[in-house]
Amino acid sequence: LSCMTARINLGSKLPYTNSDILDFNPLDGPSTLRTLNLHGHFSFDDVHHAAKDFGNQYQYYPLAILRPKSVSDISTTIKHIFQMGPASKLTVAARGHGHSTQGQAQVHGGVVISMESLQRPDIQIYTEKLPYIDVSGGELWINILRKSLKYGLAPKSWTDYLHLTVGGTLSNAGVSGQAFRHGPQISNVYELEVVTGKGEVVNCSEKQNADLFYSVLGGLGQFGIITRARIALEPAPKMVKWIRVLYSDFLSFTNDQEHLISYKKTFDYIEGFVIINRTGLLNNWRSSFNPQDPVQARRFNSEGKTLYCLEMTKSFNPDEADRVDQEVENLLSQLNYIRSTLFLSEVSYLDFLDRVHMSEIKLRSKGLWDVPHPWLNLLIPRTKIHEFAEEVFGNILTDTSNGPVLIYPVNRSKWDNRTSAVIPEEEIFYLVAFLSSAMPTSTGTDGIGHILDKNQEILQFCKTNHIGMKQYLAHYTTREDWQAHFGPRWETFMKRKATYDPLAILAPGQRIFQKAI
Ligand code: FAD
């Protein structure tokens, strides 16, 4: 108890209440965890950083942080908590890089497992016919890229930002401009090692323990902790041609995006974003696009008009430059962008994939990285994207935006419906990501209150107008909302939970299940 009260004095926004303290169960204190025989160790004192995430909106303090040195440390800890049964309130959250935005990797009074501590000595690359890399679940994608490039290889499917862990993105989906071709990251994994909610260590793949494999992929951390992943690789190009063009007409923009993703010999990466009457730094933070940044083209920002930027890359090696120029020209000739707005740059493959980190460095230097991030990520069926855009860009977000708004289509057929990921019913759907930053003390349009209200308006519009939207990186607080999110897949999700984490020990920060006590 003294340990808990010590933390209660750490700050004003702490989550423990008097009733927590009165309810305190000695089984849930540090002494029980101290008895475990581990290669790594628990920290009980410096737990505050595990009560923080990129969203900067939620703050739940754990009892302890486990810094595992082996998979058996994770298994021993979970087994111990599992064996205490409902007598203990303790729950466990794996924390990757803590880049969730709504407390998904936090736990109130339980154990946070710092996955980045789990270094695997056996990080290995296999360069055979189907090359792959074996990595720890706590590995950052940027490290995987650097390592695999040494062999002339790289993963096929990415997120826009690489300072995220394998376990963190595979628990969601992992989507970027390559997903139209390769599917999300969860479609590019051959095998996993998982510690279940009972503390069992299980290898799984399409062929072995397939139900667990597919449960965990996109499973929001509910069924097990990913301790190792075997990621598919492909030959890596050295360079990319990085292209942006602008549209003033949403229909032409989406027609061109859909045309490009349906075309076999197309670009290698296809995304897009919306430019809403702003040219400030926060709006441009993803666009370290030198030497010419299209968003700086103020002459197109006339009369507050909303513009749409199509962003593409074509990969190449230096000896293929001429042929690739020809291919790019041919592809661009099929598009209906505003002709004078073509911006083209050449960068290394590494610099392109790590582009958001460049923006992070800039924002950090201005104190603008560690601000609240009330993000909203939606998946919108193709047949509803125009109705959605008309209302959202025509009415709800007309004169201001507080960060990038991404919009690009992907194909459902590249997603495996055996995984836990929830997506719209149609073959083509759009990822629409409102990546807002809020100014901590502002009560104006860049304040958290205003941005959350706008998010709510967008969600309400989708609901009222039966848009068939699914949230990506979903955040709900009631069982009913989660059930509606999963729809017909809810039964399967619950069955999987009962099989792999029957006491609901894992990832309580997702707020889907509560430990039975
Ligand atoms: P955490 O936030 O630490 O954890 C997320 C969830 O996964 C938690 O519930 C946690 O308990 C669970 N978890 C973590 N590790 C494991 C594990 N090993 N096993 C089981 N469960 C685990 N997403 C995209 O798809 N595409 C993007 O382009 C993209 N860009 C982003 C850019 C930025 C700047 C940021 C901050 C996020 C972005 N995301 C993107 C979202 C990101 O993929 C998710 O938030 C992801 O969960 C973050 O990874 P993390 O390692 O920080 O996970």
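This text goes with the structure placed above it.
Just so it is clear, the structure is predicted and the values come from calculations on it, not from any experiment. (Residues numbered from 1 in each chain as written. Predicted model: local features only at pLDDT ≥ 70, side-chain atom pairs only at ≥ 80, totals over all residues. Heavy atoms only, no water.)

Participant: Just to check I follow, could you spell out the pattern of salt bridges for this structure?
Facilitator: Close approach of charged atoms allows side chains with opposite charge to pair. For the structure on display, the rule yields 22 salt bridges. Within this structure, Asp-134, Glu-191, Arg-228 and Arg-230 form a network of salt bridges that share partners. (Salt bridge = Lys/Arg side-chain N within 4 Å of Asp/Glu carboxyl O.)

Participant: Quick question: what am I supposed to make of the sheet that holds strand β13 (residues 306–316) here?
Facilitator: Strand-to-strand pairing in sheets goes through backbone hydrogen bonds, with the strands running parallel or antiparallel. Read across the sheet, eight strands follow the order β14-β11-β13-β12-β16-β17-β15-β18 without closing on themselves; strand pairing throughout is antiparallel. Of all the strands in the sheet, the pair left with one neighbour each is β14 (343–348) and β18 (470–472). Pairwise comparison of adjacent strand axes, ignoring direction, gives a mean angle of 25 degrees for this sheet. The pairing of strand β11 (residues 239–247) with β13 spans nine bridges and is antiparallel. (Pairing = 2+ DSSP bridges. Helix = DSSP H or I, 4+ residues; strand = E, 2+ residues; numbered from the N terminus. Axes fitted to C-alpha atoms, helices over the stretch in contact; angles between N-to-C directions.)

Participant: Can you walk me through the side chain of Thr-32 in this structure?
Facilitator: Following the sequence through the fold, Thr-32 ends up in helix α3 (residues 30–34). Looking at Thr-32, the relative accessible area reads 11%, which means it is buried. A distance of 2.7 Å separates a polar atom in the side chain of Thr-32 from a polar atom in the side chain of His-80. Beyond its immediate stretch of four places on either side in the chain, Thr-32 contacts Pro-26, Leu-27, His-80 and Met-84. (Buried < 20%, exposed > 50% of the residue type's maximum accessible area, 1.4 Å probe, protein only. Polar contact = N/O pair within 3.5 Å; in protein donor to acceptor, adjacent residues only side chain to side chain. Contact = heavy atoms within 4.5 Å.)

Participant: So what exactly am I meant to see when it comes to helix α12 (residues 355–365) here?
Facilitator: An α-helix turns once per 3.6 residues; consequently, residues spaced three or four apart project the same way. Every buried residue of α12 is listed here: Arg-355, Val-356, His-357, Ser-359, Glu-360 and Leu-363. Tucked inside the fold, the buried residues of α12 contact β11, β12 (269–276) and α11 (349–353). Phi for Gly-367, located one or two positions after α12, is positive at around 70 degrees.

Participant: What is the right way to look at the site of the ligand in this model?
Facilitator: Within the structure, the ligand sits among 32 residues, and Ala-94, Gly-96, Ser-100, Thr-165 and Tyr-472 are positioned closest to it. Within the backbone of Gly-168, an N or O atom sits 3.1 Å from an oxygen atom of the ligand. Between Asn-172 and the ligand, the recorded distance is 3.0 Å, taken from a side-chain N or O atom to an oxygen atom. Look at the ligand: alone it shows 960 Å² of surface, and the protein chains cover 96% of it. Looking at the shell around the ligand, its residues break down into 12 nonpolar, 18 polar and two charged. Two domains each donate at least three residues to the shell around the ligand, and these are domain 1 (2–115 + 500–510) and domain 2 (124–235). (Near = heavy atom within 4 Å. Areas by Shrake-Rupley, 256 points an atom, 1.4 Å probe, with all protein chains shown as cover. Nonpolar A, V, L, I, M, F, W, Y, C, P; charged D, E, K, R; others polar. Domains from an automatic or database assignment.)

Participant: Looking at this structure, how should I read unusual backbone geometry?
Facilitator: Residues other than glycine predominantly adopt negative phi, and peptide bonds predominantly adopt the trans conformation. Positive phi values are uncommon outside glycine, yet Asn-209 reaches one of about 45 degrees. If you trace the backbone, Asn-209 turns up in the loop between β9 (201–205) and α8 (210–216). Even without a glycine there, the phi angle at Leu-473 is positive, about 55 degrees. Mapped onto the elements, Leu-473 comes out in the loop between β18 and α15 (479–486). Overall, the relative accessible area of 33% leaves Leu-473 in the partly exposed class.

Participant: So what exactly am I meant to see when it comes to the nonpolar core here?
Facilitator: As a rule of thumb, nonpolar side chains are buried together in soluble globular proteins. If you look at the biggest cluster of nonpolar residues, it comprises 79 residues, and the most contacted ones within it are Leu-170 and Leu-192. Those residues within four positions of Leu-170 in sequence are excluded, and the remaining contacts are Gln-185, Ile-186, Val-189, Leu-192, Val-216, Leu-217, Gly-218, Ile-226, Ala-229 and Ile-231. (Core = buried A, V, L, I, M, F, W, Y, C linked by side-chain atoms within 4.5 Å.)

Participant: I would appreciate a short explanation of the pairing of β12 in the present structure.
Facilitator: The two faces of a sheet get side chains in turn, since along a regular strand they alternate between them. β12 sits mainly inside the fold: eight of its eight residues count as buried. Strand direction decides the pairing type here: β12 and β13, joined by eight bridges, are antiparallel. When the sheet's bridge partners are listed, Glu-271 is paired in β13 with Glu-311. The pairing of β12 with strand β16 (residues 405–411) spans two bridges and is antiparallel. From the neighbouring strand, Val-274 faces β16, where its bridge partner is Val-405.

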